[in-house]
Amino acid sequence: MADTAPTACRRSPLAGAAPRLAAVTRSSKGALRLAELPFLAQVNVRLDAKSPAADAVGPALGLQLPTEPNTVVHAGEVTAVWLGPDEWLVVGRPGTERELEGRIRAAAGDEPVAVTDVSAQRTTLLVGGPRARDLLAHGCALDLHPRAFGPGRCAQTTLARTQVVLVARDETRAGFWVLVRSSFAGYLADWLLDAAVEYV
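Keep in mind that this is a model prediction, so the values were computed, not measured.

Caption draft 1: Local environment of the pattern of salt bridges. Under the criterion given, the structure shown has eight salt bridges. Put simply, Asp-190 and Arg-20 hold a salt bridge, and the shortest N to O gap is 3.0 Å. Taken together, the residues Asp-190 in helix 5 (residues 182–195) and Arg-20 in helix 1 (residues 18–27) connect sequence positions 170 residues apart. As a salt-bridge pair, Glu-101 and Arg-105 come within 3.3 Å of each other at their nearest N and O atoms. Taken as a pair, Glu-101 and Arg-105 lie in helix 3 (residues 97–108) at a separation of four residues, close to a single helical turn. One network of salt bridges, with partners in common, ties together Arg-46, Asp-86 and Glu-87.

Caption draft 2: Representation of helix 5 within the structure. A rise of 1.5 Å per residue sets the reference length of helix 5, with its 14 residues, at 20 Å; its end C-alpha atoms lie 20 Å apart and thus fit the reference within 8%. Inspection of helix 5 places Ala-185, Leu-188, Ala-189, Trp-191, Leu-192, Leu-193 and Ala-195 among the buried residues, and these make up the whole buried set.

Caption draft 3: Molecular detail of the environment of Leu-89. Examined against the element boundaries, Leu-89 turns out to sit in strand 5 (residues 87–92). For Leu-89, the contacting residues outside a window of four places in its chain are Gln-42, Val-43, Asn-44, Thr-79, Ala-80, Val-81, Leu-83, Val-118, Arg-122 and Leu-179.

Caption draft 4: Representation of the layout of surface pockets. Approximately 240 Å³ is the volume found for the largest pocket. For the largest pocket, the lining is made up of 14 residues, of which Gln-121, Arg-122, Gln-156, Val-165 and Arg-181 are closest to its centre. Of all the elements in the fold, those that place two or more residues in the lining of the largest pocket are strand 8 (154–159), strand 9 (162–168) and strand 10 (176–181). Here the lining of the largest pocket is composed, by residue class, of six nonpolar, five polar and three charged.

Caption draft 5: Just the packing of helix 2 (residues 52–61) against helix 3, in detail. Here helix 2 crosses helix 3 at 145°, and the two axes come no closer than 8 Å. Taken as a pair, helix 2 and helix 3 cross one another with a handedness that is right-handed. Across the interface between the two elements, Ala-53, Ala-56, Val-57, Ala-60 and Leu-61 from helix 2 touch Leu-100, Arg-103, Ile-104, Ala-107 and Ala-108 from helix 3. Looking at the contact of helix 2 with helix 3 residue by residue, the class counts come to nine nonpolar, no polar and one charged.

Criteria and thresholds
- Residues numbered from 1 in each chain as written.
- Predicted model: local features only at pLDDT ≥ 70, side-chain atom pairs only at ≥ 80, totals over all residues.
- Heavy atoms only, no water.
- Salt bridge = Lys/Arg side-chain N within 4 Å of Asp/Glu carboxyl O.
- Helix = DSSP H or I, 4+ residues; strand = E, 2+ residues; numbered from the N terminus.
- Expected span 1.5 Å × (residues − 1).
- Buried < 20%, exposed > 50% of the residue type's maximum accessible area, 1.4 Å probe, protein only.
- Contact = heavy atoms within 4.5 Å.
- 1 Å grid on protein atoms, 1.4 Å probe; cavity = no way out; pocket = protein on both sides within 12 Å on 5 of 7 lines; lining within 4 Å.
- Points joined across faces, edges and corners; volume = space filled by probe spheres on them.
- Nonpolar A, V, L, I, M, F, W, Y, C, P; charged D, E, K, R; others polar.
- Axes fitted to C-alpha atoms, helices over the stretch in contact; angles between N-to-C directions.
- Left-handed = near helix turned anticlockwise from the far one by under 90°.

Spelled out as structure tokens, the structure:
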């Protein structure tokens, strides 16, 4: 008998905001770039940073897990974000969460490791352009000057009173990833759009 169950269409948390984000990008004449990067694979990894598992997991992902606080390592399509002395967020292109989880578990072998797919927990906003730091500074208490928060840096912080993971991308012009819980994404997008008015 044929399966008659309806198939759910995936809808990103900010699908409805996409036209407004694009409008700000256009009307700012290059000063800002705002967009959602939906459905990125996000895998949380907990393990002892000095264990054989840590030595094996990094190379299995094509990188070394960052051990310096608040840093990011990027290789190919995989990014490892330091969240704590024994915790990382591994981010990859959409649809690769199972592959990433499998590679991590296989590399760790019998070593103690906790691997959790958290892809549905957050979405990612891209904030780029020459005025990106100015825009973020309206709602974030961190010093976002490139000397303090340059490419390859990350932080768990608040932006407009919303908890986020903020990642400075590898190149200054690449801007920032703002990883925000899906339930707060609409509010944060509205805040960014409102704060961006002075640049359009």
